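Spelled out from the first residue to the last, the chains are:
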Amino acid sequence: MSADTERARRWRLVLGAEGAGAGSGLADAPLSDEDSGVDAVLAALYDKPDEEAAGGPRSANLGASAPRVARWLGDIRRYFPSTVVQVMQRDAVDRLGLTRMLLEKELLSAVEPDVHLVGTLLSLNGVLPEETKETAREVVRKVVEQLEERLAERTRAAITGALDKASRTQRPRPGDVDWARTIHANLKHYSPELGTIVPEKVVGFGRRRQAVQRDVVLAVDQSGSMAESVVYSGLFGAVLASMRALKTSFVAFDTEVADLTEHLADPVDVLFGTQLGGGTDINRAIAYCQGLVERPERTLLVLISDLYEGGDEDELLHRIGELVGAGVQVVTLLALSDSGAPSYDHENAAALAELGVPAFACTPDQFPDLMAAAVRGDDLQAWVAKESS
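Note that the structure is predicted; figures quoted are calculated from it, not measured.

Just checking my understanding: could you explain a nonpolar patch on the surface for this structure?
On the surface, a nonpolar cluster with roughly 340 Å² of combined accessible area is contributed by Trp179, Ile183 and Leu187. Topologically, Leu187 is positioned in the loop between α8 (179–185) and β2 (190–191).

So what exactly am I meant to see when it comes to the pairing of strand β9 (residues 329–336) here?
Along a regular strand, successive side chains alternate from one face of the sheet to the other. Taking burial as the measure, the eight residues of β9 include seven buried ones, the bulk of the element. Note that strand β8 (residues 299–304) and β9 share five bridges and pair parallel. Each bridged residue has a counterpart across the sheet, and for Ile304 the counterpart in β9 is Leu333. Between β8 and its parallel partner β9, the chain crosses via helix α12 (residues 313–326), and the hand of that crossover is right-handed. Judged from the four bridges that link them, β9 and strand β10 (residues 359–362) form a sheet pairing that is parallel. The partner of Thr332 across the bridge, within β10, is Ala359. Since β9 and β10 lie parallel, the crossover through helix α13 (residues 346–354) that links them has a hand, and here it is right-handed.

Please explain the packing of helix α6 (residues 115–123) against helix α9 (residues 227–241) as it appears in this structure.
Each pair of packed helices gets described by two things: the angle between the helix axes and the distance between those axes. Taken N-terminus to C-terminus, the directions of α6 and α9 make an angle of 100°; their axes are 8 Å apart at the nearest point. Between α6 and α9, the crossing angle belongs to the class labelled roughly perpendicular. Counting all contacts with α6, which are made through Val115, His116, Val118, Gly119 and Leu122, the residues of α9 involved are Ala227, Glu228, Val231 and Tyr232. Its residues assigned to classes, the contact of α6 with α9 shows six nonpolar, two polar and one charged.

Just to check I follow, could you spell out the packing of helix α11 (residues 282–290) against α12 for this structure?
It is the contact of α11 with α12, at a shortest axis distance of 9 Å, that shows an interaxial angle of 25°. With respect to α12, the element α11 is oriented roughly parallel. By crossing handedness, the relation of α11 to α12 is classed as left-handed. When α11 is examined against α12, the residues Ile282, Asn283, Ile286, Ala287 and Gln290 are found in contact with a partner set consisting of Glu315, Leu316, Arg319, Ile320, Glu322 and Leu323. By residue class, the composition of the contact of α11 with α12 is six nonpolar, two polar and three charged.

Even after reading the chapter, I still don't get the nonpolar core, so can you show me in this structure?
Taken as a class, soluble globular proteins show a tendency for nonpolar side chains to be buried jointly. Grouped together as the largest cluster of nonpolar side chains are 80 residues, with contacts concentrated most on Trp72, Phe80, Leu121 and Leu333. The next biggest cluster of nonpolar side chains, apart from the first, holds 20 residues, and it includes Phe253, Ala285, Val328 and Leu352.

Sorry, what's going on with empty space enclosed by the protein here?
The method is simple in principle: a probe with the dimensions of a water molecule rolls over the atoms, and the space it marks as empty is what remains. Tallied over the entire structure, the rule returns one cavity of 30 Å³ or more. Of the pockets and cavities examined, the largest cavity occupies roughly 50 Å³. Put simply, the parts of the chain that give the lining of the largest cavity at least two residues each are β5 (214–221) and α14 (367–376). With three residues, the single largest contributor to the lining of the largest cavity is α14. For the lining of the largest cavity, the per-class residue count stands at seven nonpolar, one polar and one charged.

I keep staring at a negative patch on the surface and nothing clicks. Help me out?
Negative charge collects at one region of the surface, where Asp312, Glu313, Asp314 and Glu347 lie side by side. Mapped onto the elements of the fold, Glu347 is located in helix α13. Judged by relative accessible area, which is 67%, Glu347 ranks as exposed.

Help me understand unusual backbone geometry in this model?
Glycine aside, residues mostly have negative phi angles, and peptide bonds mostly take the trans form. With a phi angle near 70°, Leu307 is a residue other than glycine that sits in the positive phi range. Inspection of the secondary structure assignment puts Leu307 in the loop between β8 and α12. Classification of Leu307 by relative accessible area gives buried; the value is 1%.

I keep staring at the pattern of salt bridges and nothing clicks. Help me out?
Tallied over the entire structure, the rule returns 13 salt bridges. Residue Asp338 pairs with Arg150 through a salt bridge whose shortest N-O separation is 3.6 Å. Highlighted residues: Asp338 in the loop between β9 and α13 and Arg150 in helix α7 (residues 130–166), separated in sequence by 188 residues. Of the residues examined, Arg150 reaches a relative accessible area of 36% and is grouped as partly exposed. Across the pair Glu294 and Lys247 runs a salt bridge whose closest N-O atoms are separated by 3.5 Å. A residue pair is termed long-range when its members are at least 10 positions apart, and Glu294 in the loop between α11 and β8 and Lys247 in strand β6 (residues 246–253) qualify at 47 residues.

Explanation requested: the confidence of the model for the protein in the structure shown.
Close inspection of predicted coordinates is inappropriate in any region flagged by low pLDDT. Across the protein, pLDDT averages 83, with 83% of residues at or above 70. Predicted confidence is poor over residues 50–60, with pLDDT under 50, and the contacts of this stretch with residues over four places away or in other chains come to 15 contacts.

I tried to follow helix α4 (residues 82–96) on my own but got confused; where do I start?
Two residues of an α-helix separated by three or four positions point the same way, owing to the 3.6 residues in each turn. For α4, spanning 15 residues, the distance from its first C-alpha to its last is 20 Å, which sits close to the expected 21 Å at 1.5 Å a residue. The set of residues buried in α4 consists of Val85, Gln86, Met88, Gln89, Ala92 and Val93. The arc enclosing the buried residues of α4, seen along the axis, measures out at 165°, which places them on a common side. Facing away from the buried side of α4 by more than 90 degrees, the exposed set consists of Thr83 and Asp94.

About the thresholds
- Residues numbered from 1 in each chain as written.
- Predicted model: local features only at pLDDT ≥ 70, side-chain atom pairs only at ≥ 80, totals over all residues.
- Heavy atoms only, no water.
- Patch = residues over 30% accessible without salt bridge, like charges linked within 9 Å, V, L, I, M, F, W, Y side chains within 5 Å.
- Areas by Shrake-Rupley, 256 points an atom, 1.4 Å probe, with all protein chains shown as cover.
- Salt bridge = Lys/Arg side-chain N within 4 Å of Asp/Glu carboxyl O.
- Helix = DSSP H or I, 4+ residues; strand = E, 2+ residues; numbered from the N terminus.
- Buried < 20%, exposed > 50% of the residue type's maximum accessible area, 1.4 Å probe, protein only.
- Pairing = 2+ DSSP bridges.
- Right-handed = clockwise from strand over helix to strand, strands pointing away.
- Axes fitted to C-alpha atoms, helices over the stretch in contact; angles between N-to-C directions.
- Parallel < 35°, antiparallel > 145°, perpendicular 65-115°, else oblique.
- Contact = heavy atoms within 4.5 Å.
- Nonpolar A, V, L, I, M, F, W, Y, C, P; charged D, E, K, R; others polar.
- Left-handed = near helix turned anticlockwise from the far one by under 90°.
- Core = buried A, V, L, I, M, F, W, Y, C linked by side-chain atoms within 4.5 Å.
- 1 Å grid on protein atoms, 1.4 Å probe; cavity = no way out; pocket = protein on both sides within 12 Å on 5 of 7 lines; lining within 4 Å.
- Points joined across faces, edges and corners; volume = space filled by probe spheres on them.
- Lys, Arg positive; Asp, Glu negative; His and termini not counted.
- Charge placed at Lys NZ, Arg CZ, Asp CG, Glu CD.
- pLDDT = per-residue confidence, 0-100.
- Expected span 1.5 Å × (residues − 1).
- Arc of directions from axis to C-beta.

Dropping the structure here:
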């Protein structure tokens, strides 16, 4: 196949029959049987319905037939890689309103699971039929397991290292000497006469204790715009709760507050304990979180919200100012997702910055390093600047 023919074929698949109409030179581009199949599944999703097509030649669409939807779901998995399948599924829900895809067990079983799908399922949690709920949990668990494999161990390692570094001392007990660091710090004090290093500085860790070293409170906005952030927050909450050195609390909120800490043993239970949608009362959530603070100087409060406040903004800022004044380290994540720059309330973000509370978006891959930097007591504004450069 010549380069021109291949180019025409690709444009024909992109534009469809209607877009590649008379005069375009593309309408007669040759399509193989497989290309025709690809063309049909794209037409079903992206072509206008018959009554809007003004007599255009293409008439396929998903219609209202469950068998047709199920067949279409199978076809797109046949023709496209999973990343493209996920995009097309989201488009099917958004463009055609096919939320019923997720309300029927057979159709849900055919869907390629991803974070966005989990967010949609959580938003439908209250209306899922009983026979579909178990399938929905299986879909959510599959995504959670994939995310855990990618992020969990890295998070534990980063935070454990930060906790160790934060407790390092130059007057360690004998059993707590960090010999590798001590030798490295004293190489210039090697004595040829003695044939050994004479350490002037001993580096080690403070007495390792089983006691909790940090208290972490995750306050997670579960309004509809925060769906992806809620999914990642539930995963990270469960990972943090698995670390003995941390005492982790998980608070989800909209206009009401739900303390889901007791469910942190299983992130799927956490996610199904949330209820996406509704308004936002951040002030009410922060008031609840204030009651969880027992050791202010050892507490890290991570507020995950776009800061669109439906409650009392002045009281919210006052409460956060009180927390900061008491020694609580407060961080605001405008989003915890991979979806690019988030929409957020710029005025509230600026007001928090004046209180010394950094507000920025964070990807899931950055979160372990962010938590480690917070535990070490690093300048988080400088950390953000470095990550963004």
